[in-house]
Amino acid sequence: MSQSPLLDTVNLPYDLRLLDKAELPQLCAELRAFLLKSVSATGGHFASNLGAVELAVALHYVYNTPEDHLVWDVGHQSYPHKILTGRKNRMDTMRQYGGLAGFPKRGESEYDDFGVGHSSTSIGAALGMAVADKLAGRANRSVAVIGDGAMTAGQAFEALNCAGDMQDVDLLVILNDNEMSISPNVGALPKYLARNVMRDMHGLLSTIKAQSEKVLDKLPGALEIAQKVEHKIKTLANEGNHIKQSLSLFENFGFAYTGPADGHNVVQLVETLNELRRKPGPKLLHVITKKGQGYKLAENDPVKYHAIGKAPAQNDRPSETPACAEGAAAA
């Protein structure tokens with residue numbers, strides 16, 4: 001019997017959309033196990049991909065890719081996306097001559113809307129696609145997935161500045177907040193987010209609920225989501241990455257803010273994305289994820305397991321010797 005009965009049926013996103021929503025958690029578990037095996041065999045980016053499994057599944061389940069545009073910032077987290085878009089059987093060629101690229105590559109697949117490798121480009125690229133679709137009279141959607149590290153770059157804020165003033169353009173920005181980039185974040189933005197430590201956590205949760213109620217309150221289990229992320233928010237507060245300031249910042253840019261959402265609850269992500277897909281204008285969804293999700297060594301040391309070397313043939317777990325990262329961009 002196959003160890004991945006659902007994943008074996010998924011060769012393209014069309015196949016994924018034939019599954020019942022209740023089957024998606026099992027698919028994510030199978031996909032994560034496939035990643036563990038394939039990246040151990042070839043080496044490559046590891047912790048960030050484990051953290052993006054549910055997000056990739058939910059996005060391809062809800063959005064009509066490749067007609068809808070999906071842009072991954074940096075591309076460190078694009079392996080699940082590759083597996084779901086017709087390249088599952090070629091993952092053993094990852095980062096080899098004539099094989100799959102370690103990042104999205106337009107010449108490799110029609111599902112790779114933008115060639116990446118440098119950070120902070122996704123919002124501008126997705127915005128350009130959204131504007132082009134609007135001018136052409138197409139109803140396609142555009143989604144940019146950007147990490148908290150990549151969000152600190154000026155290029156990302158230039159794109160936010162432009163997009164927030166285009167209320168008739170359909171753009172969703174997903175802030176994949178895993179609290180970790182390859183190097184520590186520097187500059188004024190982290191300091192801004194670190195100011196004014198929150199004094200009233202209950203007040204903060206009420207603010208988030210009020211701002212997100214048009215989406216999250218329509219979903220079953222929304223209260224459970226808020227309770228689940230409460231501890232996470234307290235941690236963020238202690239570490240200076242404050243949701244309250246983030247909410248104000250993005251809404252001042254003209255984006256409708258939703259979040260924080262549990263980035264590892266695939267069913268809730270699907271429900272949230274379905275609601276957001278129906279909303280016009282620029283939107284930002286803040287998801288909380290964990291690098292290395294599902295593999296304890298990588299969860300505990302995401303820097304060490306950011307990228308791994310090829311494991312010995314007799315060893316089916318990842319090598320503990322990190323491979324040279326493909327570029328020092330923030331994940």
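Keep in mind the model is a prediction, meaning the values are calculated, not measured.

Asker: Describe the confidence of the model for the chain, naming the residues involved and giving the relevant values.
Answerer: Per-residue pLDDT for the chain averages 79, and the proportion of residues at 70 or more is 67%. With pLDDT under 50 throughout, residues 192-205 is counted as low confidence; its partners more than four residues away or in other chains account for 27 contacts. A low-confidence stretch, residues 236-242 stays under pLDDT 50, and its non-local contacts, those more than four residues away or across chains, total 21 contacts.

Asker: Which residues make up the environment of Asp-68, and what values do they have?
Answerer: With respect to the secondary-structure elements, Asp-68 resides in the loop between helix 4 (53-62) and strand 2 (69-72). Once you skip the residues sitting within four places of it in the chain, Asp-68 turns out to touch Tyr-63, Asp-113, Asn-140, Arg-141 and Arg-277. One polar contact links Asp-68 to Arg-277, side chain to side chain, over a distance of 2.8 Å.

Asker: How would you summarise the sheet that holds strand 4 (residues 171-177) if you had to cite specific residues and measurements?
Answerer: Read across the sheet, five strands follow the order 2-3-4-6-5 without closing on themselves; strand pairing throughout is parallel. What marks the edges here is a single partner per strand, and that holds for strand 2 and strand 5 (256-262). This sheet shows a mean twist of 20 degrees between the axes of neighbouring strands, independent of strand direction. The sheet contact formed by strand 4 and strand 6 (residues 282-288) spans seven bridges and is parallel. When the sheet's bridge partners are listed, Asp-177 is paired in strand 6 with Ile-288. Where helix 4 meets the sheet, its contacts fall on strand 2, strand 3 (142-147) and strand 4, and the angle it forms with strand 2 comes to roughly 165 degrees. The sheet strands contacting helix 6 (residues 122-136) are strand 2, strand 3 and strand 4, and the helix crosses strand 3 at an angle near 175 degrees.

Asker: Could you give me a rundown of a nonpolar patch on the surface, with the residues and numbers involved?
Answerer: On the surface, a cluster of nonpolar side chains totalling about 340 Å² of accessible area is made up of Leu-12, Tyr-14 and Leu-18. Here Leu-12 lies in the segment before helix 1 (13-16).

Asker: Just give me the short version of the nonpolar core, but keep the residues and values in it.
Answerer: Grouped burial of nonpolar side chains is what soluble globular proteins tend to show. In this structure, Leu-24, Leu-27, Val-57, Leu-59, Ile-174 and Leu-273 are the most contacted members of the largest nonpolar core, which totals 43 residues. Elements represented by at least two residues in this core include exactly helix 2 (24-42), helix 4, strand 2, helix 5 (79-87), strand 3, strand 4, helix 12 (266-277) and strand 6. When residues in this core are grouped by element, the largest group, eight residues, is from helix 4. When near neighbours in sequence (up to four residues on either side) are disregarded, Val-57 contacts Leu-16, Leu-24, Leu-27, Cys-28, Leu-31, Leu-84 and Val-266. The next biggest cluster of nonpolar side chains, apart from the first, holds 25 residues, and it includes Val-71, Met-129, Val-173 and Tyr-257.

Analysis parameters
Residues numbered from 1 in each chain as written. Predicted model: local features only at pLDDT ≥ 70, side-chain atom pairs only at ≥ 80, totals over all residues. Heavy atoms only, no water. pLDDT = per-residue confidence, 0-100. Contact = heavy atoms within 4.5 Å. Helix = DSSP H or I, 4+ residues; strand = E, 2+ residues; numbered from the N terminus. Polar contact = N/O pair within 3.5 Å; in protein donor to acceptor, adjacent residues only side chain to side chain. Pairing = 2+ DSSP bridges. Axes fitted to C-alpha atoms, helices over the stretch in contact; angles between N-to-C directions. Patch = residues over 30% accessible without salt bridge, like charges linked within 9 Å, V, L, I, M, F, W, Y side chains within 5 Å. Areas by Shrake-Rupley, 256 points an atom, 1.4 Å probe, with all protein chains shown as cover. Salt bridge = Lys/Arg side-chain N within 4 Å of Asp/Glu carboxyl O. Core = buried A, V, L, I, M, F, W, Y, C linked by side-chain atoms within 4.5 Å. Buried < 20%, exposed > 50% of the residue type's maximum accessible area, 1.4 Å probe, protein only.

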